[in-house]
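# Fold and geometry: a report
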Amino acid sequence: MEIGISTFVENTPDPATGKLLSPQQRMMNLMEEIELADQLGLDVFAIGEHHRPDFVVSSPAIVLAAAAVKTKNIRLSSAVTVLSSDDPVRVFQDFAHVDLLSGGRAEIMAGRGSFIESFPLFGNDMKDYNALFSEKLELLIQLNKSEKITWRGKLRPSIDNRGVYPRPFQEELPIWVAVGGTPESVVRAANYGLPMALAIIGGGPERFVPFTELYKKTYREAGHDAVKLQLAINSHGYLADDSQRAADEFYGPYAHVMSQIGRERGWPAMNREHYEMMRGPGGSLLVGSPQEVVDKILWEHELFGNTRFLLHISVGTLPHVQVMRSIELLGNVVAPAVRKVVDKTVLG
């Protein structure tokens, strides 16, 4: 199993002091986080796209390109690229640059976007929310397979036998489809034979089993090689040297962000009781000691049979030293323990 980190590069006030980092300092902290993850042998670092004041990165490819020349082995992905409101040609070109700079370590994680600020910003109509993603994903797949392309779409202008450059270092860029539990999105990824990343940020992980089973079933029925099937689980989480410390350190920043998003979407504010329930054995949060996080990753692997796990550590801004310690524990303790068990299971 591949193990890595995802982040939206949040920049929210410190719950204890109310202080806010400068965007430049937050970006420098991010570079250190990626370098550390690479040095520790983690497999993937993924960065999300947003267009709002509490998340710094609006262009993951630019940030990943900076990370490409600072790292040696770690794969560099978006999480996600909001493909519906972007141009697939430009997305492909941007990530081809990342791939060239990294020597073949770039990936695209494409999604429809659970935050919608980019749609009016780039002149897209929300009534086309689903159609935009479907059409642009099809174009991105074709761009990945062919140097020259002719394209006729309904929502994106046509292309008449034009070359798209540069080409990536890899023969093709890995394109993952990110889903949040919509059956139509699951089926789309499976029919194309694309890897799927499932975000679990609330409720019990067990309720997502039907979606992963639907993906596997549709993938096989579409005629794709089951050996090539890839499935990622992305979860919020945080590690400290002991369980109580992890719970106490993570709660303030996490509750700040989730309560803010809750106000925007009509959800109730986060409270400590609900938080503790979510980080319990059957909840979606992976917050605790290294052993608790190992146990939950392995439990989810039993549920889903996933080939990748990404821990989304920085839901709200934590002190940089705490984030770095969490990455250390993930790389030095959790990842080796999980791989040992999963490899043993695979080898029988």
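Refer to the preceding data block for the structure.
Worth saying up front: this structure is predicted, and the values here are computed from it rather than measured.

As a further point, take the packing of aromatic side chains. Under the defined criterion, the tally for this structure stands at nine aromatic pairs. Summarising the aromatic geometry, the rings of Tyr 254 and Tyr 275 are spaced 5.9 Å apart at their centres and angled 45° between planes, so their arrangement reads as tilted. With Tyr 254 in helix α8 (residues 243-265) and Tyr 275 in helix α9 (residues 272-278), this pair connects stretches of sequence that are 21 residues apart. According to the relative accessible area criterion, Tyr 254 is buried, its value standing at 0%. You can call Tyr 275 buried: its relative accessible area is 0%. Sitting over the face of the ring of Phe 115, Arg 265 holds its NZ or CZ atom 4.6 Å from the ring centroid. A cation over a ring is seen here: Arg 272 above Tyr 251, with NZ or CZ 5.1 Å from the ring centre.

In contact at an axis separation of 10 Å, helix α1 (residues 23-39) and helix α2 (residues 60-68) are set at 50° when each is read in the N-to-C sense. By the angle between their directions, the pair α1 and α2 is classed as oblique. Both α1 and α2 take part in a crossing whose hand is right-handed. When α1 is examined against α2, the residues Met 27, Leu 30, Met 31 and Ile 34 are found in contact with a partner set consisting of Val 63, Ala 66 and Ala 67. In the contact of α1 with α2, the residues fall into seven nonpolar, no polar and no charged.

Rules used in this analysis
Residues numbered from 1 in each chain as written. Predicted model: local features only at pLDDT ≥ 70, side-chain atom pairs only at ≥ 80, totals over all residues. Heavy atoms only, no water. Phe/Tyr/Trp six-rings, centres within 6.5 Å; stacked < 30°, edge-to-face > 60°. Helix = DSSP H or I, 4+ residues; strand = E, 2+ residues; numbered from the N terminus. Buried < 20%, exposed > 50% of the residue type's maximum accessible area, 1.4 Å probe, protein only. Lys NZ or Arg CZ within 6 Å of the ring centre and 35° of its normal. Axes fitted to C-alpha atoms, helices over the stretch in contact; angles between N-to-C directions. Parallel < 35°, antiparallel > 145°, perpendicular 65-115°, else oblique. Left-handed = near helix turned anticlockwise from the far one by under 90°. Contact = heavy atoms within 4.5 Å. Nonpolar A, V, L, I, M, F, W, Y, C, P; charged D, E, K, R; others polar.

Keep in mind these values describe shape, not function.
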